[in-house]
Amino acid sequence: MQYTLLITGSPYQSKACHTALRFMKAALKKYPDCIKGVFFYEDAVLIGNKLNQPPRDEMHLTKAWQNIAKKYDISLYLCIAAAVRRGIISEGESRRYELNQHSLAEQFQLEGLGTLVELMNTTNKIIQFR
Amino acid sequence: MKNTLIHLNSSPYSSLSCKEGLDLALVLATFEQAVDLCLSGAALSILGTNQSPEVEQGRNLHKLLEGLEFYDIENIFIQESHLNSNTEHIWQGTQALNETEWNQMFSNYQQVFRF
């Protein structure tokens, strides 16, 4: 069975991103192929900001997601509309909006909601964390 | 194809949740996925016909309701016990369910997303 994770809760106002990470670690430990992709929507897209600098004695949540995605080769998608409106900008979007900066962290990619629809139709279950 | 229910429960004016939930419903419909909506709690205020938010208050999501049928989103459920007795200023395109029907409704979908 393959899952898609849909995360909508803010990394700062909720524990959605933390709980999803814990779920993913536990699931992958037992079934390394069980997560097809992770889609971040609403305020959860803030996880993909490479400029996040949490205090040194706290967990670096963005890095934790990057590490697990790299280890298990899992795609981390941010909804492009939700991300761009919150200042999470890839190099490509930076050029499109004629900006000098970009803020999208490595391992994350901007995709439309159509990608979420495709994930829905190609995995057994979607689990929302909010 | 999976049946999807988008459950809106947040105030349309206190966060982007309602708007982003509706955006997801519209995208699902655009991709010809079966999608219904249900509204509860603060999200019910979308139904009021006499609202004209200022730009600082956010987009007038009420205006989206009339367009839903063009996306083939035809089922918008609410709980009849949560309806204000004065329905004069309430959008009429919803289906009111009693408590049992409301509770059973969630079992009709393979996916329920809450906003």
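Up top you'll find the structure we're talking about.
Note that this is a predicted model, so its numbers are computed, not measured. (Residues numbered from 1 in each chain as written. Chains lettered and ligands numbered in written order. Predicted model: local features only at pLDDT ≥ 70, side-chain atom pairs only at ≥ 80, totals over all residues.)

Draft legend 1. Geometry of the environment of A:Thr19. All names here are of chain A. Turning to its location among the elements, Thr19 is positioned in helix 1 (residues 16–30). Residue classification places Thr19 among the partly exposed positions, given that 14 C-beta atoms sit within 10 Å. On a C-alpha basis, the gap between Thr19 and Arg130 in space is 9.4 Å, while along the polypeptide they are 111 residues apart. (Helix = DSSP H or I, 4+ residues; strand = E, 2+ residues; numbered from the N terminus. Buried ≥ 20, exposed ≤ 12 C-beta atoms within 10 Å, placed from the backbone.)

Draft legend 2. Examining the sheet that holds strand 1 (residues 3–7) of chain A more closely. Residue and element names in this part refer to chain A. Read across the open sheet, the five strands follow the order 4-3-2-1-5; overall the sheet is parallel. The sheet is open, and its two borders are formed by strand 4 (108–111) and strand 5 (125–129), each paired with just one other strand. On average, adjacent strands in this sheet sit at an angle of 25° to one another, irrespective of strand direction. Note: strand 2 (residues 35–40) against strand 3 (residues 75–79), four bridges, orientation parallel. (Pairing = 2+ DSSP bridges. Axes fitted to C-alpha atoms, helices over the stretch in contact; angles between N-to-C directions.)

Draft legend 3. Broad picture of the interface of chain A and chain B. Across the contact, eleven residues belong to chain A and 13 residues belong to chain B. When residues of the side of chain A that touches chain B are traced back to their parent elements, those giving at least two are helix 5 (113–122) and strand 5 of chain A. Its residues assigned to classes, the side of chain A that touches chain B shows seven nonpolar, two polar and two charged. (Contact = placed C-beta atoms within 7 Å. Nonpolar A, V, L, I, M, F, W, Y, C, P; charged D, E, K, R; others polar.)

Draft legend 4. Seen up close, the packing of helix 5 of chain A against helix 1 (residues 17–30) of chain B. It is the contact of helix 5 of chain A with helix 1 of chain B, at a shortest axis distance of 10 Å, that shows an interaxial angle of 65°. The way helix 5 of chain A lies across helix 1 of chain B gives a crossing that is right-handed. Contact residues: helix 5 of chain A offers A:Leu113, A:Gly114 and A:Val117, while helix 1 of chain B offers B:Asp23, B:Leu24, B:Val27 and B:Leu28. In terms of residue class, the contact of helix 5 of chain A with helix 1 of chain B is built from five nonpolar, one polar and one charged. (Left-handed = near helix turned anticlockwise from the far one by under 90°.)

Draft legend 5. Quick peek at the nonpolar core. A:Ile7, A:Phe40 and A:Val45 are the most contacted members of the largest nonpolar core, which has 58 residues in total. Once residues lying within four places of it in the same chain are set aside, the contact partners of A:Ile7 are A:Ala16, A:Cys17, A:Ala20, A:Val38, A:Phe40, A:Ala44 and A:Phe129. (Core = buried A, V, L, I, M, F, W, Y, C linked by C-beta atoms within 7 Å.)

Draft legend 6. Layout of the sheet that holds strand 3 (residues 76–79) of chain B. Residues and elements named next belong to chain B. Strand order in the open sheet formed by five strands is 4-3-2-1-5, with parallel pairing between adjacent strands. This sheet does not close on itself; its edge strands, each paired only once, are strand 4 (95–97) and strand 5 (111–114). Pairwise comparison of adjacent strand axes, ignoring direction, gives a mean angle of 25° for this sheet. Of the strand pairs in this sheet, strand 2 (residues 35–39) and strand 3 are connected by two bridges, and their pairing is parallel. Looking at strand 3, one finds that Cys38 is bridged to Phe77. Along the sheet, helix 1 contacts strand 1 (4–8), strand 2 and strand 5; its crossing angle with strand 1, the most-contacted strand, is approximately 160°.

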